[in-house]
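# Observations on the model geometry
Residues per chain, in single letters:
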Amino acid sequence: MIPPILPFPTVAPFRIDQVTAAPLAMAALFGVQLLAAALMSWAARRERLQLWNGLALLSLALVAVFFTLASWGTSDTTKLSHYLAFDLSRVRGEPFWALLAPVVVHLPYRMALVHGLVVAGYGAAPLLLARQWRAWAWGGWWSLLVVCSPLLRNFLQNGVSRQALMTLLLLPLLLWAARLARIGRWPLALATGLAATVHTSFPLTLALALVPRLLAVRSMLRLHGRLLLPAVAALGLLVLLAAPQALEKLRVYSAQESYFPTYALRPEVIRLQLAMALGVLLACWRRRLGWRQLLACDRSRCLASFALLFWLLQQSLHWHLMAPITSRLVDPVGLYLLILWLGWLQRQRCFWAAVPALVVTLHYWGGVRLLGSFSLVCGSNDEFLCIPDRWPWQVRYGSGV
């Protein structure tokens, strides 16, 4: 007998049924991801790059499957899976999602699958950087460092797919601004333009991505006028297009919103910050770097700036200073901080200094998230790692959707 279709709730938690806990199965799925990362390191040392590429694709597929299932029970994912079928006012000012909505409603698990693909994109970024930096052996581990990071808990574990995708699309701009990777002009322009259509927080995140280039004053002065003027005009146009919706959301958050996530204040985040700082100190000791060398290094200045910015955001959450707004910047700054930190280690050729942060991240993922999922009461709250209890074609989304 098929249970009756319940009316969709108007407040969180939105997912009230069709969920179950499967901690052993999810732990096994993550175990295969660990095995893939280890095999990628082995393949790199044996210079079997075709095998490495195959394992990288397998790793990303595993990440997509893991986060598709794990995000099924979160409110943001379920809310969009429901409303994109008939109410596009939920994504007003975000034309990317309005155009994608007819596709999303025909995907298995709808927005949960979209979120899984977005997280796979987060995992792909460090893999591509490892290829470009010739750090093949570390690619799989860096990928896990990002997708499992407590710095990105709100984005990747709460199903905040839209803002997470916009932040990811601006990552090439950050890499260009910090001179961390070689990126063509057209891919850079396409990714930045697309980001403007994905989420209304685009203007603020765009400013964050450009911070490294603003810190490199000399390189800004050397830019040719014929290139600088069109770039500034294009960026200005993108900001103007996104500004009305961004200002409206800013008004709502500042005047009406009282809730804000405080994940950035949790002990695992503090431990990760300390582990990252330890990695920097170890690299400085190994390379015999002093204050003068650090101040003269553009990557050191960028890393210090984002570390300070993340700390300031933490203080705003701690003291409740514009917290509904600043909490939305924690994950973008966290992602860019992680990437800049890896870029700094690459400049010093001290990839091994990432090990303390990797240990902290994997301990958090296994000891806190996966082990904690044994106590989940799925169906009574909107929880990450509450997976679907049926196949995609058996899901009931409600009447009219």
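Residues numbered from 1 in each chain as written. Predicted model: local features only at pLDDT ≥ 70, side-chain atom pairs only at ≥ 80, totals over all residues. Heavy atoms only, no water.

## Topic: the side chain of Thr326
Along the chain, Thr326 turns up in helix α17 (residues 323-326). Classification of Thr326 as buried rests on a relative accessible area of 13%. Excluding anything up to four places from it in sequence, Thr326 contacts Leu313, Ser316, Leu317 and Leu321. (Helix = DSSP H or I, 4+ residues; strand = E, 2+ residues; numbered from the N terminus. Buried < 20%, exposed > 50% of the residue type's maximum accessible area, 1.4 Å probe, protein only. Contact = heavy atoms within 4.5 Å.)

## Focus on the confidence of the model for the protein
In this model, the protein carries an average pLDDT of 88, and 86% of its residues clear a pLDDT of 70 or more. The element-level mean pLDDT for the protein is lowest in helix α12 (residues 217-222), coming to 50, with helix α6 (residues 139-147) highest at 98. Note on residues 223-227: pLDDT under 50 across the span, and three contacts to partners over four residues away in sequence or across chains. (pLDDT = per-residue confidence, 0-100.)

## Quick notes on helix α3 (residues 75-83)
Across the nine residues that make up α3, a large majority, seven, are buried. When α3 is considered as a whole, its buried residues turn out to be Ser75, Thr77, Thr78, Leu80, Ser81, His82 and Tyr83. If you follow the buried residues of α3, they end up packed against α5 (111-132) and α8 (161-169).

## Observations regarding empty space enclosed by the protein
Across all of its chains, the model carries two cavities of 30 Å³ or more by this definition. The calculated volume of the second largest cavity comes to roughly 80 Å³. Asn154, Tyr263, Ala264, Val330 and Asp331 are, among the 13 residues lining the second largest cavity, the residues nearest its centre. Among the secondary structure elements, those contributing two or more residues to the lining of the second largest cavity are α7 (153-157), α16 (298-318) and α18 (330-348). A breakdown of the residues in the lining of the second largest cavity according to their chemical character gives nine nonpolar, two polar and two charged. (1 Å grid on protein atoms, 1.4 Å probe; cavity = no way out; pocket = protein on both sides within 12 Å on 5 of 7 lines; lining within 4 Å. Points joined across faces, edges and corners; volume = space filled by probe spheres on them. Nonpolar A, V, L, I, M, F, W, Y, C, P; charged D, E, K, R; others polar.)

## Let's talk about the packing of aromatic side chains
As enumerated under the stated definition, the model contains 16 aromatic pairs in all. Members of the aromatic cluster, joined through ring pairs, are Phe30, Phe66, Phe67, Tyr364, Trp365 and Phe384. One Lys or Arg, Arg90, reaches over the ring of Tyr83 and ends 3.7 Å from the middle of that ring. Directly above the ring of Trp176 sits Arg213, whose terminal nitrogen or CZ lies 4.2 Å from the centroid. (Phe/Tyr/Trp six-rings, centres within 6.5 Å; stacked < 30°, edge-to-face > 60°. Lys NZ or Arg CZ within 6 Å of the ring centre and 35° of its normal.)

## Describing the state of the cysteines
Among covalent bonds in proteins, the disulfide is the one between the sulfur atoms of two cysteines. The tally for this structure, following the rule as stated, stands at one disulfide. With its sulfur 2.1 Å from that of its partner, Cys378 forms a disulfide with Cys386. The sign of the S-S torsion, about -85°, decides the handedness of the disulfide formed by Cys378 and Cys386: left-handed. Of the two residues, Cys378 and Cys386, both sit in the buried class. Cysteine Cys284 remains unbridged, with the sulfur of Cys350 as its closest cysteine sulfur at 8.7 Å. Residue classification places Cys284 among the buried residues on the basis of a relative accessible area of 11%. (Disulfide = S-S within 2.5 Å.)

## A look at the nonpolar core
With 103 residues, the main nonpolar core has Phe66, Phe67, Tyr122, Leu170, Tyr336, Trp341 and Trp365 as its most contacted residues. Here this core takes 12 residues from α18, the largest share from any one element. Dropping the residues within four chain positions of it, Tyr122 is found in contact with Val146, Val147, Leu152, Phe155, Leu156, Ala164, Thr167, Leu168 and Leu335. If you look at the next biggest cluster of nonpolar residues, it comprises 11 residues, including Met40, Ala43, Leu55 and Leu127. (Core = buried A, V, L, I, M, F, W, Y, C linked by side-chain atoms within 4.5 Å.)

## Regarding the pattern of salt bridges
All told, the structure shown has six salt bridges when counted by the stated rule. Ionic pairing is found between Asp17 and Arg396, a salt bridge with its closest N-O pair at 3.6 Å. On the criterion of sequence distance, the pair formed by Asp17 in the segment before β1 (19-21) and Arg396 in the segment after β2 (386-388) is long-range, its members being 379 residues apart. Among the ionic pairs, Arg90 bridges to Asp87, the shortest N-O distance being 3.5 Å. We classify Arg90 as partly exposed; its relative accessible area is 40%. (Salt bridge = Lys/Arg side-chain N within 4 Å of Asp/Glu carboxyl O.)

## A few points about the environment of Leu129
Here Leu129 lies in helix α5. When its relative accessible area of 4% is taken as the criterion, Leu129 is described as buried. In this structure, the C-alpha to C-alpha distance between Leu129 and Ala181, residues 52 residues apart in sequence, is 7.3 Å. Apart from residues no more than four positions distant in its own chain, Leu129 is found in contact with Leu175, Ala181 and Ile339.

## Quick notes on the packing of α16 against α18
Their axes nearest at 9 Å, the elements α16 and α18 cross at an angle of 150°. Comparing their axes, α18 and α16 come out roughly antiparallel. Seen from above, α16 lies across α18 with left-handed handedness. Seen from α16, the contacting residues are Asp298, Arg299, Ser300, Cys302, Leu303, Phe306, Ala307, Leu309, Phe310, Leu313 and Leu317; seen from α18, they are Val330, Val333, Gly334, Tyr336, Leu337, Leu340, Trp341, Gly343, Trp344, Gln346 and Arg347. Taken together, the residues that form the contact of α16 with α18 break down as 15 nonpolar, four polar and three charged. (Axes fitted to C-alpha atoms, helices over the stretch in contact; angles between N-to-C directions. Parallel < 35°, antiparallel > 145°, perpendicular 65-115°, else oblique. Left-handed = near helix turned anticlockwise from the far one by under 90°.)

## Re the packing of α6 against α18
Running from N to C, α6 and α18 point in directions that differ by 155°, and their axes come no closer than 10 Å. By the angle class used here, α6 and α18 are roughly antiparallel. For the element pair α6 and α18, the recorded crossing hand is right-handed. Only Leu335, Leu338, Trp341 and Leu342 of α18 make contact with α6, whose side of the interface consists of Trp142, Leu145 and Val146. Per-class residue counts for the contact of α6 with α18 are seven nonpolar, no polar and no charged.

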